[in-house]
Amino acid sequence: ELDKNNQYYPECTIRFSDGFMRLEANIDLIIIKKDGTVEIFDWKTNANPTNSKKYISSLQTSVYMFVLKKCIKDIFQIDIECNNIKMTYFSPERKAKIAEIKYSEEMFKSDEKKIGNLINKVYNYDYSSFNKEEYSKQCKFCEFINFCNSEISEEFIDFKNWNFDEIDEVSI
C-alpha cells in the first residue's frame with residue numbers, strides 16, 4: 001500500500017564516478033520514507049525465495065547500496081546514515097519478499113574495498129593472455145560474446161587511458 005507521505009522514485013539510474021571508480025545502478029524503485037529511512041526495491045522474476053542468501057552477498061546488492069549511499073545527498077538532498085538504508089528483493093509473481101538487507105557502515109566500507117578491488121582487477125588484467133577456449137561453454141550465455149568474438153585492437157583494449165566523460169551515452 002502506498003503511503004502518500006513517502007517519496008517514490010521508480011526506474012532510477014544513479015551514476016557514481018570517483019577517480020578510477022565509475023559505477024551505475026539501475027534501481028527498480030527507491031522509496032524515501034517519512035521516518036528518514038530509504039528502501040531500494042529490486043524485482044526478481046521467476047526467483048526462488050528459498051535461495052535468498054545469494055542476494056545478501058551479491059555484487060548487485062553491494063553496488064546498489066554503495067552507489068545510493070555515495071550519491072543520495074547530491075541527488076535527493078538528504079544526508080542519511082548507512083543503517084537507515086535497506087534493500088529488498090521482491091518477486092512480483094509470488095508477491096513475496098525474497099531477501100531484505102539492512103546496510104551498515106561496516107558493509108559500506110567493505111563494499112568500497114570489494115568494488116575497488118574488482119575494478120583494479122579489470123584494469124590490470126592481461127587481456128592478451130586470455131584463453132577464451134577455456135570458457136567456451138559459458139560463451140553462449142555471455143552478454144559480451146560479440147565483444148569477445150570479434151577482432152579488437154590493442155588500443156581499444158587499453159581502456160585505462162579512455163576519457164569516459166567524452167564517450168556518448170547510449171540508451172537501450
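A brief look at the structure comes next. Every value quoted in this text rests on a predicted model; they were computed, and no experiment measured them.

Before going further, it helps to spend a moment on helix H2 (residues 59-76). With 18 residues, H2 should reach 26 Å at 1.5 Å per residue; the first-to-last C-alpha distance of 24 Å fits that figure. Helix geometry: H2 is bent most strongly at Lys-70, by close to 45°. Listed as buried for H2 are Thr-61, Ser-62, Val-63, Tyr-64, Met-65, Phe-66, Val-67, Leu-68, Lys-69, Cys-71, Ile-72 and Phe-76. Just downstream of H2 lies Gln-77, where phi reads positive at about 55°.

Core analysis: the largest hydrophobic core is formed by 34 residues, its most contacted members being Leu-23, Ile-30, Phe-66, Val-67 and Leu-68. Elements that contribute at least two residues to this core include exactly strand E1 (7-18), strand E2 (21-32), strand E3 (38-43), H2, strand E4 (85-91), strand E5 (96-102) and helix H3 (105-124). Those residues within four positions of Val-67 in sequence are excluded, and the remaining contacts are Ile-14, Phe-16, Leu-23 and Ala-25.

Moving on, we get to the pattern of salt bridges. Within the structure shown, the criterion is met by eight salt bridges. Put simply, Glu-39 and Lys-33 hold a salt bridge, and the shortest N to O gap is 2.8 Å. Looking at Glu-39, the relative accessible area reads 3%, which means it is buried. Where Asp-42 meets Lys-44, a salt bridge forms, and the shortest distance between an N and an O atom there is 3.0 Å. Each member of the salt-bridge network shares a partner with another, and the members are Lys-33, Glu-39, Lys-86, Lys-97 and Glu-100.

With that settled, the discussion passes to the packing of H2 against H3. The N-to-C vectors of H2 and H3 enclose an angle of 115°; their axes lie 10 Å apart at closest approach. Between H2 and H3, the angle falls in the class roughly perpendicular. In this structure, H2 meets H3 at a crossing whose hand is left-handed. Judged by residue contacts, Leu-59, Ser-62, Val-63, Phe-66, Lys-69 and Lys-70 of H2 engage Phe-108, Asp-111, Glu-112, Lys-114, Ile-115 and Leu-118 from H3. Taken together, the residues of the contact of H2 with H3 break down into six nonpolar, one polar and five charged.

Moving on, we come to the side chain of Ser-62. Among the structural elements, Ser-62 can be located in helix H2. Residue class for Ser-62 comes out buried when judged on its relative accessible area of 3%. For Ser-62, the contacting residues outside a window of four places in its chain are Tyr-103, Asp-111, Lys-114 and Ile-115.

With that settled, consider the sheet that holds E1. Taking strand neighbours across the sheet as the criterion, the five strands line up as E1-E2-E3-E4-E5 in an open arrangement whose pairing is mixed. Both outer strands of the open sheet, E1 and E5, are each paired with one neighbouring strand and no more. Neighbour-to-neighbour, the strand axes of this sheet turn through a mean angle of 35°, independent of strand direction. The pairing of E3 with E4 spans six bridges and is parallel. For Val-38, the partnering residue across the bridge sits in E4 and is Ile-85. Against the sheet, H2 makes contact with E1, E2, E3, E4 and E5, and its axis sits at roughly 80° relative to E2, the strand it touches most.

What counts, and at which threshold
- Residues numbered from 1 in each chain as written.
- Predicted model: local features only at pLDDT ≥ 70, side-chain atom pairs only at ≥ 80, totals over all residues.
- Heavy atoms only, no water.
- Helix = DSSP H or I, 4+ residues; strand = E, 2+ residues; numbered from the N terminus.
- Expected span 1.5 Å × (residues − 1).
- Bend = angle between axes of the 7 residues up to and from the residue.
- Buried < 20%, exposed > 50% of the residue type's maximum accessible area, 1.4 Å probe, protein only.
- Core = buried A, V, L, I, M, F, W, Y, C linked by side-chain atoms within 4.5 Å.
- Contact = heavy atoms within 4.5 Å.
- Salt bridge = Lys/Arg side-chain N within 4 Å of Asp/Glu carboxyl O.
- Axes fitted to C-alpha atoms, helices over the stretch in contact; angles between N-to-C directions.
- Parallel < 35°, antiparallel > 145°, perpendicular 65-115°, else oblique.
- Left-handed = near helix turned anticlockwise from the far one by under 90°.
- Nonpolar A, V, L, I, M, F, W, Y, C, P; charged D, E, K, R; others polar.
- Pairing = 2+ DSSP bridges.

Everything listed is a geometric property; what it means functionally is a separate question.
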